[in-house]
Amino acid sequence: MLGIIGAMDEEISRILEQMREIKKQQKASMTFYQGVLSGREVVVVRSGIGKVNAAICTQILADDFHVTAVINTGIAGSLRNEINIGDIVLSVDALQHDMDATAFGYEAGQIPRMDALAFAADEKLLQLAKESCERVNPEIQVFTGRVLSGDQFIADREKKEQLVRMFGGYCTEMEGAAIAQTAYVNNIPYLVVRAISDKADNSAGIDYKVFEAEAIEHSVRLIADLAGRL
């Protein structure tokens, strides 16, 4: 069973349109849609926004649905000039940029007493997703790199530059690293798929609203194709 997590209704509604044999189950104020996507058994869920919601959701997928892999799909702000609105970023790893225990000798972003600074994505999922994206979204670019997560919507150029300087991130959003951490402690392969909706700078609030639908469409095409190959 493949788990697919989106943060918002807009991110999963298009996936649900392509599924069949759907059964619904409620838990922790979330609706889990179990069914078939591109010939693959999946469970799709809207986690809600933010790291806590994302972690709760991932743990339920592990405990109740015994998923063998988790894919987190959604939108993000670009942290690099060459990554444009509409492009896709696939996680090599994911890190929580708002975690700061440096006063205790940890690196910025490292969770105290965890043996990993960033949580590595599954290499097979990463490669397959890259191939899927190149096939179904030939009009855009696909990048592989570090995804940064925090309970902050980044819309400030100075903050954006700080995230790049400190962490080397490719994009920033609000759920992926929490999903990655939960997958890591449960020994479940994961991948974060992010379509770029804004540039994470002073134009972010405007760009996000204008380009959200386009970014989501790119993600959905990729996820549907990838599910059929797993």
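Residues numbered from 1 in each chain as written. Predicted model: local features only at pLDDT ≥ 70, side-chain atom pairs only at ≥ 80, totals over all residues. Heavy atoms only, no water.

Description of the pattern of salt bridges
Let me state the cut-off plainly: Salt bridges are counted wherever a side-chain nitrogen of Lys or Arg sits within 4 Å of a carboxyl oxygen of Asp or Glu. Where helices and strands are cited, they refer to DSSP runs of H or I of at least four residues and of E of at least two residues respectively, numbered from the N terminus. Partly exposed describes any residue whose relative accessible area lies between the buried limit of under 20% and the exposed limit of over 50%, with all areas from a 1.4 Å probe on protein chains only and scaled to the type maximum.
Enumeration according to the criterion identifies 14 salt bridges in this entry. Arginine 194 is the partner of glutamate 173 in a salt bridge, and the nearest nitrogen-oxygen pair spans 2.6 Å. Highlighted residues: glutamate 173 in strand β9 (residues 169–173) and arginine 194 in strand β10 (residues 190–198), separated in sequence by 21 residues. As far as burial versus exposure is concerned, glutamate 173 and arginine 194 are alike and both buried. Glutamate 175 serves as the salt-bridge partner of arginine 194, at 3.6 Å between the closest nitrogen and oxygen. Of this pair, arginine 194 sits in strand β10 while glutamate 175 sits in the loop between β9 and α5 (176–185), placing them 19 residues apart in sequence. For glutamate 175, a relative accessible area of 5% translates into the label buried.

Structural notes on helix α3 (residues 123–136)
Just so we agree on the cut-off: Between the first and last residue of a helix there are one fewer steps than residues, each counted as 1.5 Å, and that sum is the expected span. Polar contacts here mean pairs of N or O atoms no more than 3.5 Å apart (in protein, one a potential hydrogen donor and the other a potential acceptor; neighbouring residues in sequence count only if both atoms are side-chain atoms).
Here α3 spans 20 Å end to end across 14 residues, near enough to the 20 Å set by a 1.5 Å rise per residue. Listing the buried residues of α3 in full gives Leu125, Leu126, Leu128, Ala129, Ser132 and Cys133. Between the side-chain oxygen at the start of α3 and the backbone nitrogen of lysine 124 there is a gap of 3.2 Å, and the oxygen is on aspartate 122.

A few points about the packing of aromatic side chains
For clarity, the cut-off: Ring geometry is summarised as follows: Phe, Tyr and Trp rings, the Trp one being its six-membered ring, pair when their centres sit within 6.5 Å, and such pairs are stacked at plane angles under 30 degrees, edge-to-face over 60 and tilted between the two. To sit over a ring, a charge needs its Lys NZ or Arg CZ within 6 Å of the ring centre and within 35 degrees of the ring normal.
Following the criterion strictly, the structure yields 2 aromatic pairs and no others. Residues phenylalanine 119 and tyrosine 184 carry aromatic rings whose centres are separated by 5.1 Å and whose planes lie at 55° to one another, so their mutual orientation is tilted. In this pair, phenylalanine 119 sits in strand β7 (residues 119–120) while tyrosine 184 sits in helix α5, placing the two residues 65 residues apart along the sequence. The exposure class of phenylalanine 119 is buried, given its relative accessible area of 2%. In this arrangement the basic side chain of arginine 80 is found over the ring face of tyrosine 170, its NZ or CZ atom lying 4.0 Å from the centre.

Focus: helix α1 (residues 9–16)
What counts, and what does not: This arc is taken over the directions from the axis of the helix to the C-beta atoms.
Listing the buried residues of α1 in full gives Glu11, Ile12, Ile15 and Leu16. Taken around the axis of α1, the buried residues stretch over an arc of 120°, which confines them to a single face.

Re the side chain of serine 91
Applicable threshold: The criterion used for residue contact is that any of the two residues' heavy atoms lie within 4.5 Å.
Position of serine 91 among the secondary structure elements: in strand β6 (residues 88–96). One polar contact links the side chain of serine 91 to the main-chain amide nitrogen of valine 192, over a distance of 3.0 Å. Here serine 91 is in contact with Ala121, Leu126, Gly145, Val147, Tyr190, Leu191 and Val192, once residues within four sequence places are set aside.

A closer look at the nonpolar core
Generally speaking, nonpolar side chains in soluble globular proteins are found buried as a group. Put simply, the rule reads: As used in this record, nonpolar core signifies buried Ala, Val, Leu, Ile, Met, Phe, Trp, Tyr and Cys residues forming a set joined through side-chain atoms within 4.5 Å.
Phe32, Leu37, Ile88, Tyr190 and Leu222 are the most contacted members of the largest nonpolar core, which totals 70 residues. The element that contributes the greatest number of residues to this core is helix α6 (residues 204–227), accounting for 8 residues. Residues in contact with isoleucine 88, not counting those within four places in the same chain, are Cys133, Ile140, Gln141, Val142, Phe143, Val193, Arg194, Ala195, His218, Ser219 and Leu222. Counting 7 residues, the second largest nonpolar core, distinct from the first, contains Leu95, Ala118, Leu148 and Leu163.

Considerations on the pairing of strand β4 (residues 40–46)
For the record, the criterion: Here, a strand pair is defined by DSSP locating no fewer than two bridges between the strands.
Most of β4 is tucked away, with 5 of its 7 residues classed as buried. When strand β1 (residues 2–6) meets β4, the two strands line up parallel, connected through 5 bridges. The residue of β4 that forms the bridge with isoleucine 5 is valine 45. Pairing geometry for strand β3 (residues 30–37) and β4, over 6 bridges, is antiparallel. Each bridged residue has a counterpart across the sheet, and for glycine 35 the counterpart in β4 is valine 42. Connecting β3 to the antiparallel partner β4 that follows it, the hairpin turn spans 2 residues, and serine 38 within it adopts a positive phi of roughly 55°.

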